[in-house]
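Commentary on secondary and tertiary structure
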Amino acid sequence: MKLERKKNAIRNIEIGVLNKTVTIICPFILRTVLIRELGTEYLGLGSLFTSILQVLNLTELGMGSAMVFHLYRPIAEEDNRRICALVSLYKYVYRVIGLIILLGGLLVLPFLPHFIHGQYPDDINIYFLYLLYLVNTVVSYFIASYRSTILSAFQRRDIISMIGMAVHTGLYLMQIVCLLCFANYYVYVIWLPIFTIIENIVTARYVKRKYSNFVKPETIDKQDIRFIFSSVKDLFGHKLSRVVVNSVDTIVISAFLGLQMVTIYNNYYYLMSAVSGLLDIIYQAVLAGIGNSLVSERIEKNQKDFDKFTVLNLWLVGWCAICFLCLYQPMMELWMGETLMLGIETVLLLVVYFYVWKSRQTVLLYKDAAGLWAEDCLRPYAEIIVNLTINILLVQIIGINGVLISTILSMLFVSLPWETRVFFRRCLKCSTRKYYLANLVCLALTFLAGTITFVICNFIPFSGIISFILKIAICMIVPNVVIFCCGYRIPLYHETVRFVASMIPVWGQRKDV
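Residues numbered from 1 in each chain as written. Predicted model: local features only at pLDDT ≥ 70, side-chain atom pairs only at ≥ 80, totals over all residues. Heavy atoms only, no water.

Once that is clear, we can look at the packing of aromatic side chains. Applying the stated rule across the entire model yields 25 aromatic pairs. Each ring, one from F306 and one from F424, has its centre 5.4 Å from the other, and the planes form 85°; the classification is edge-to-face. Of the two residues, F306 is situated in helix α12 (residues 299-335) and F424 in helix α16 (residues 400-428); the sequence distance between them amounts to 118 residues. With a relative accessible area of 0%, F306 lands in the buried category. By relative accessible area, which is 3% here, F424 ends up buried. (Phe/Tyr/Trp six-rings, centres within 6.5 Å; stacked < 30°, edge-to-face > 60°. Helix = DSSP H or I, 4+ residues; strand = E, 2+ residues; numbered from the N terminus. Buried < 20%, exposed > 50% of the residue type's maximum accessible area, 1.4 Å probe, protein only.)

Take a look at the structure:
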């Protein structure tokens, strides 16, 4: 079975963008109300507990990615019995994982005070609050996590997005109302596990109704089980490294700098992750299609597609980085005020962090789709050692900047060259020269466009919402005009522009959703 990759990708992007818009605006309002009604320490506690539980989610061992990957071939070959067997295995494994996370979370309880530098709110029982977050994390493993992977493998993440959008909108509205009416953090948090249960029940029922042929009990061969868990073993390090990058930073900041700095940092990181989430919609929308293409198309076709996705991604990432450079501080001044702002040097590091982080995503996307986890299984551990070592050393010397520098260095000098070499050697079977050249060209264009945009924005004195809107307009137009004019005559850029343009008519002509 060849999936309708372009149509499915566009559908996933449409719904994903709508869902992400809701889940950016609503939490933005929610964070603002929470800080105004209760204070920065409460938001810092929530961020800390979420990060701790993300570390505990390592028990998942990358099972979700392995599940989706191993479903690609039976879906392409229409092997329904094997699909059912894999789903049956995943159901059992996910429930075991949920139990392990629950037990691991309980073991963390006695050590919670050691993760907090300084004081936390007197009216909060951190142990009870942590248990609420733990229940919210664990409950999905017992209801529908394994079923949602069926939707991902069939490239129907639009369904996951629509269900999530409806449920999360209800959650955010309920939490905002409770904060305004009661100003009580417990009442705010108690809704998290309730709405998580609702979301999982709705997802489970949808999959059971629409994909009933794939949720029947079947026995899987022992050889297949060994093969799958071999992939999971290789995925563990990759999962671990991503958690170190995304979660341990918050824990280190809390332990060394305190809850208020966690909140300030996470306000900036929230905006970055919101934009990253919009880009991730594109990545996730095409992931299953890429996996299907890798097993059903010629290598030359996959090479050309990879080149186009690379340039498109670098264009988008460069544009977003320029927007952060010019808009971060005006946005934070409007939103939180000068007392909750970081220095300009930290903002520059955040921009570099974002660019290095997201510029790698095309290679990571194709690696995941191809299941290339064993080939660089040592790379994540090297990244972790470098990241944590520099992180803990520098945070005590230069504070928050040390956390960002450690992450940038580990990604730039460990992860990027290692994972790129493995991917090109094993999947595309060609030299990395063209890829690195494209990266350098895009970086130069981004630097040029960013410099011009930053200079123009600095001519506008910041005096409130009007000047901020004007700067947004400049960031929307100037970088893209500069990049387009300078890059359009480069053959690869020209092909990418035509590729994007070819998707627009399909966008408008689709009749089904």
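What follows continues from the structure just given.
Two elements in contact, helix α17 (residues 433-458) and helix α18 (residues 465-487), have axes separated by 9 Å at closest approach and are oriented at 145°. Like other packed secondary-structure pairs, α17 and α18 cross with a definite hand, here right-handed. On the side of α17, the interface is formed by L445, L448, A449, I452, T453, I456 and C457, while α18 contributes K471, I474, C475, V478, P479, V482, I483, C486 and G487. Here the contact of α17 with α18 is built from residues that sort into 13 nonpolar, two polar and one charged. (Axes fitted to C-alpha atoms, helices over the stretch in contact; angles between N-to-C directions. Left-handed = near helix turned anticlockwise from the far one by under 90°. Contact = heavy atoms within 4.5 Å. Nonpolar A, V, L, I, M, F, W, Y, C, P; charged D, E, K, R; others polar.)

A separate point is the confidence of the model for the protein chain. Of all residues in the protein chain, 87% attain a pLDDT of 70 or more, and the chain-wide mean is 83. The lowest-confidence element of the protein chain is helix α19 (residues 491-509), averaging 59 in pLDDT; the highest-confidence one is helix α13 (residues 344-359), averaging 95. (pLDDT = per-residue confidence, 0-100.)

The subject of this paragraph is the side chain of T407. Tracing the chain through its elements places T407 in helix α16. Among the residues examined, T407 registers a relative accessible area of 0% and is labelled buried.

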